[in-house]
Amino acid sequence: MTDLPISAELIAESNARELAALEDDYASLGRKLERTGIDIEAIKSRIASFSVAVPSWGAGRGGTRFAKFPIPGEPTSIHEKLEDCAVIQQLSRVTPRVSPHFPWDKVSDYRGLREEAASLGLSFDAVNSNTFQDQANQAHSYATGSLSSTIEATRMQAIEHNIECIEIGRQLGSKELTVWVGDGTNFPGQQDLARSLDRYLEAAAEVYTALPEDWRMLLEHKMFEPAFYSTVISDWGSSILAAQELGPKAKCLVDLGHHAPNVNIEQIVARLHRFGKLGGFHFNDSKYGDDDLDSGSINPHQLFLVFNELIEAELNPREGFNPSYMIDQSHNVTDPIESMLSSAEAITQCFAKALLVDREALHFAQEANDTMMAFQALRRAYNTDVAPIVSQARLEAGGAVDVLRTYRESRYRSRKSQERKAVGLGAGIV
Ligand code: AOS
Ligand code: ZN
Ligand code: ZN
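Described below are features of the structure shown in this document. Note that this is a predicted model, so its numbers are computed, not measured.

Criteria and cut-off values
- Residues numbered from 1 in each chain as written.
- Chains lettered and ligands numbered in written order.
- Predicted model: local features only at pLDDT ≥ 70, side-chain atom pairs only at ≥ 80, totals over all residues.
- Helix = DSSP H or I, 4+ residues; strand = E, 2+ residues; numbered from the N terminus.
- Rg over C-alpha atoms; globule rule 2.2 N^0.38 Å.
- Buried ≥ 20, exposed ≤ 12 C-beta atoms within 10 Å, placed from the backbone.
- Contact = placed C-beta atoms within 7 Å.
- Expected span 1.5 Å × (residues − 1).
- Pairing = 2+ DSSP bridges.
- Axes fitted to C-alpha atoms, helices over the stretch in contact; angles between N-to-C directions.
- Left-handed = near helix turned anticlockwise from the far one by under 90°.
- Nonpolar A, V, L, I, M, F, W, Y, C, P; charged D, E, K, R; others polar.
- Arc of directions from axis to C-beta.

Regarding the overall build of the protein chain
Thinking step 1. Helix and strand content of the protein chain: 16 helices and twelve strands.
Thinking step 2. In terms of overall size, the protein chain behaves like a compact globule, its C-alpha atoms giving a radius of gyration of 22 Å where 430 residues would be expected to give roughly 22 Å.
Thinking step 3. Dimensions of the protein chain along its principal axes, counting C-alpha atoms only, are 65 × 60 × 40 Å.
Thinking step 4. Considering the protein chain as a whole, with its 430 residues, one finds that 46% of them fall into the buried category.
Thinking step 5. A fraction of 79% describes how many contacts in the protein chain between residues 6 or more apart in sequence connect residues 24 or more apart.

Considering helix α2 (residues 19–35)
Thinking step 1. For α2, which comprises 17 residues, the first-to-last C-alpha distance of 24 Å matches the rise-based estimate of 24 Å (1.5 Å per residue) to within 8%.
Thinking step 2. The buried fraction of α2 is low, at one of 17 residues.
Thinking step 3. At the exit of α2 stands Gly37, carrying a positive phi of roughly 80 degrees.

Some remarks on the sheet that holds strand β5 (residues 127–129)
Thinking step 1. Strand order in the open sheet formed by seven strands is β3-β5-β6-β8-β10-β11-β12, and the pairing between neighbours is parallel. With one partner strand each, in any of the chains shown, β3 (101–102) and β12 (324–327) form the two edges of the open sheet.
Thinking step 2. Sheet strands touched by helix α8 (residues 236–246): β8 (216–220) and β10 (250–255). Its angle to β10, the strand with the most contacts, is close to 160 degrees.

Brief notes about the environment of Leu22
Thinking step 1. Tracing the backbone shows Leu22 in helix α2.
Thinking step 2. In this structure Leu22 comes out as partly exposed when scored by C-beta crowding, with 18 C-beta atoms within 10 Å.
Thinking step 3. Measuring from C-alpha to C-alpha, the distance between Leu22 and Val401 comes to 8.3 Å, with 379 residues separating the pair along the chain.
Thinking step 4. Other than its neighbours up to four places away in sequence, Leu22 contacts Pro388, Ser391, Gln392, Leu395 and Val401.

Description of unusual backbone geometry
Excluding glycine, residues mostly have negative phi values, and the peptide bonds linking residues are mostly trans.
Thinking step 1. Cis geometry is found at the peptide bond from Phe102 to Pro103, where omega equals 15 degrees.
Thinking step 2. Here Pro103 shows up in the loop between β3 and α5 (110–119).
Thinking step 3. Put simply, Glu225 and Pro226 share a cis peptide bond, and its omega is 5 degrees.
Thinking step 4. Secondary-structure assignment places Pro226 in the loop between β8 and β9 (230–231).
Thinking step 5. Despite not being glycine, Glu225 has its phi angle at roughly 80 degrees, a positive value.
Thinking step 6. Tracing the chain through its elements places Glu225 in the loop between β8 and β9.
Thinking step 7. Classification of Glu225 as partly exposed rests on a count of 16 C-beta atoms within 10 Å.

Examining the sheet that holds strand β2 (residues 97–99)
Thinking step 1. Reading across from one edge, β1-β2-β4 is the order of the three strands in this open sheet, with parallel pairing throughout. Where the open sheet ends on each side, the last strands, each with one partner, are β1 (54–55) and β4 (123–124).
Thinking step 2. Alignment of β2 against β4, held across two bridges, turns out to be parallel. Residue pairing in the sheet places Arg97 in a bridge with Ser123 of β4.

Focus on the packing of helix α4 (residues 78–92) against helix α11 (residues 336–356)
Thinking step 1. Axis separation between α4 and α11 bottoms out at 10 Å; the angle between their running directions is 35 degrees. Handedness of the α4/α11 crossing: right-handed. Here α4 contributes Asp84, Val87, Ile88, Leu91 and Ser92 to the contact with α11, which in turn contributes Ile337, Met340, Leu341, Ala344 and Glu345.
Thinking step 2. Its residues assigned to classes, the contact of α4 with α11 comprises seven nonpolar, one polar and two charged.

Examining the environment of Ala227
Thinking step 1. Structurally, Ala227 can be placed in the loop between β8 and β9.
Thinking step 2. Here the alpha-carbon distance between Ala227 and Gly182, two residues 45 residues apart in the chain, equals 6.9 Å.
Thinking step 3. Excluding its chain neighbours within four sequence positions, the residues that come into contact with Ala227 are Gly182, Gly184, Thr185 and Asn186.

As for helix α13 (residues 371–382)
Thinking step 1. For α13, with twelve residues, the first-to-last C-alpha span of 17 Å sits near the 16 Å given by 1.5 Å per residue.
Thinking step 2. Taken together, the buried positions of α13 are occupied by Ala377, Leu378 and Ala381. Around the axis of α13, the buried residues are gathered within 85 degrees of arc, so they sit on the same side. Opposite the buried face of α13, by more than 90 degrees, sit the exposed residues Thr371, Met372 and Phe375.
Thinking step 3. Buried positions along α13 lie against α10 (300–315), α11 and α12 (359–367).

Shape descriptors only; they carry no functional weight alone.
The following block contains the structure:
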């Protein structure tokens, strides 16, 4: 194993300063939970086996469609991105997988890349295809669509790109292809809404046919952006219908920021699970119509309610329930490593809170139509400060008790700013 980016001594020193307080808080929370019949050790071991992938593109400053403000020491290649992801995993211990994006992360030797990741303590998660941008020397433009294009040669090119992503993913050890298309329209009448879906379904079926036996294809819906009037896979309804038509290996991926404001996302989660089609998540938060803000920074209660549905789903498993968890955010004003450390912690805390829900009390109250007590079963769990369990699990896994403080003490970014080439200006990703 190559040297990991943060020294083990630094983590140990930083942790040493936190130990007494953590021990105290953990013991106190343990006693509190015990009074309600919850074994803190059992919760901790569930947290120890929880993980969420990070996106390779999230390691850079995402920017907006207006501008991107790079920071010194930002990564400019998949190799540097992996190094940054290794920092996140070293400190948080819940992000052991990286989700790559092609062609952004293209290299000549994918087996070598897999080994490089392994030497940093990482493996690869779902492979993301990209047919929402044109690449240099590309034969056919995606300006008017990709998998749903009216032009056959363009559809073929998009299909081939997705199949190439599967091939790359096989070499990287991935088992999933995430397909998000930017296809859609800006004007009423621009395209036939029914026929564009037909074309998408036909093209997606070609990609589906190329999936290895043990792979899944995750369909990511998005209500708007970059198209502002209609998108081809606009919502969970379109997504589940497409997944049902494609077959059992096709599942739906819920990006939290891809819905209209105030939509009941936890109910969507329950619905997709009910029909065996819940494939995974892209976690982020949003205030208006974005899909960019840090997980749990705006509406942590919603994130908790999503995890509450996931625990319910675990108790009532449907065919193939094994959702993939990933962060998908655009870090415009923070150090991306800090945002992903903070987000991974917020996500894990919501999972921990959902584990604390007294299911018996909740189900009893639901059956009895005791609205207030049903709500209180959720409220009690949500109001519990689970930070000591999450920190303790992290400590035992070799991570940092205070991830952000330890990261700052490492001066990692400033070291990288001496070594790495500067990033160019310009607009960011969508
Ligand atoms: C786009 O909004 C989607 O969330 C995708 O997951 C996309 O691939 C990613 O944001 C990178 O652009
Ligand atoms: Zn996404
Ligand atoms: Zn998105």
